[in-house]
Amino acid sequence: MFDLFGKKRRRRETLRKQPFPAAWRAILEESVPHFKYLEPDDQDELQGHIQVFLDEKVFEGCGGLVITDEIRLTVAAYACLMILHRDTDYYPKLVTILVYPSAFVAEKTQQGPGRLIIHGEETRVGESWDRGVVILAWDDVLESLETPTEGHNVIVHEFAHQLDQENGTGDGYPDLDDEELMAAWPEVFQVEYDRLLEDLEENRETFFEPYAAESPAEFFAIAVEYFFVVPQDLEEAHPELYEALMQYFQQDPASYWNPWEEEAC
């Protein structure tokens, strides 16, 4: 077993050191707004992670969508941005990324009165399963990249769920290696989540969209979206939450990325 792990590490190290294709670099510069704001060393690290990610994950087009290098690289770039500076296993539960041209219909099951189980359908732009699949709507990806000040990025959202699910069912408590952060996490996240529920119940204006109150898992995913997409806004409105996420992700997006400047370009 040890040899298998060593072989995987060596293979990944070889992939990370391979020259990054010039055509792929051009796509990142054109299609991934965050990329051009990263420091050169971080760009190099990200490119290495992308090469591993694309080697290990399978992309499938659904609803007639043809998977292109733009799709693969855009998804891989944001997924790998979230593991920059971190010793992780490249989303170990994830096998396949399904990409639809637009919103798709998914089955929904919820608890009704008593023991009644209600089955229905719901239109969605993304899903993350703990059984190896992420699903994305490509037109929603493109729209979010064109309007970053909206604070939405379905790739970041669904891959935040993947991080949350690495240590079991998604519950807003990802795998935390740092003991100090592990101790602070419940105080920060549970307090923030409870405050959101209370504000919504009292009809007070909230920084987070109401869907964040759906569950601790959704609160975490949306907080991660804001952390990467509108970091200055999150830092100003919820500094303790921003600090916890900064410790977890080992980076400070507010120091290099400003969505208001990008949207004005």
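Bear in mind the structure is a predicted one, so any value in this text is a computation, not a measurement.

Q: How should I be thinking about the confidence of the model for the protein chain in this particular structure?
A: Low pLDDT marks stretches whose predicted atomic positions should not be read closely. Residue-level pLDDT values for the protein chain average 91, and 92% of them are 70 or greater. Within the model, the stretch residues 116-120 combines pLDDT values under 50 with 14 contacts to residues more than four positions away or in other chains.

Q: Where do I start with the environment of L28 in this structure?
A: With respect to the helices and strands, the residue L28 is situated in helix α2 (residues 22-31). As a C-alpha pair, L28 and F5 span 23 residues in sequence and 30 Å in three-dimensional space.

Q: Just to check I follow, could you spell out the packing of aromatic side chains for this structure?
A: Two numbers describe a pair of aromatic rings. These are the distance of the centres and the angle of the planes. Scanning all chains against the criterion turns up 23 aromatic pairs. With a centroid separation of 5.6 Å and an interplanar angle of 75 degrees, the aromatic rings of F20 and W24 are classed as edge-to-face. Like W24, F20 is buried. Considering the side-chain rings of F207 and Y226, the 5.3 Å spacing of their centres and the 80 degrees angle between planes classify their relative orientation as edge-to-face. Pair noted here: F207 is in the loop between α7 (179-201) and α8 (216-229) and Y226 is in helix α8, with a separation of 19 residues, a long-range link. Owing to a relative accessible area of 32%, F207 belongs among the partly exposed residues under this scheme. The exposure class of Y226 is buried, given its relative accessible area of 8%. Taking NZ or CZ as reference, R86 lies 4.4 Å from the ring centre of Y248, over its face.

Q: What should I look at first to understand the nonpolar core in this one?
A: One broad rule of soluble globular proteins: the nonpolar side chains tend to lie buried together. I50, F53, M82, F159, F208 and L245 are the most contacted members of the largest nonpolar core, which totals 74 residues. It is α8 that contributes the most residues to this core, 10 residues altogether. Setting aside residues up to four positions removed in sequence, M82 forms contacts with Y91, V156, F159, A160, L163, V224, F228 and F249. If you look at the next biggest cluster of nonpolar residues, it comprises 5 residues, including C62, F104, V133 and I135.

What counts and what doesn't
Residues numbered from 1 in each chain as written. Predicted model: local features only at pLDDT ≥ 70, side-chain atom pairs only at ≥ 80, totals over all residues. Heavy atoms only, no water. pLDDT = per-residue confidence, 0-100. Contact = heavy atoms within 4.5 Å. Helix = DSSP H or I, 4+ residues; strand = E, 2+ residues; numbered from the N terminus. Phe/Tyr/Trp six-rings, centres within 6.5 Å; stacked < 30°, edge-to-face > 60°. Buried < 20%, exposed > 50% of the residue type's maximum accessible area, 1.4 Å probe, protein only. Lys NZ or Arg CZ within 6 Å of the ring centre and 35° of its normal. Core = buried A, V, L, I, M, F, W, Y, C linked by side-chain atoms within 4.5 Å.

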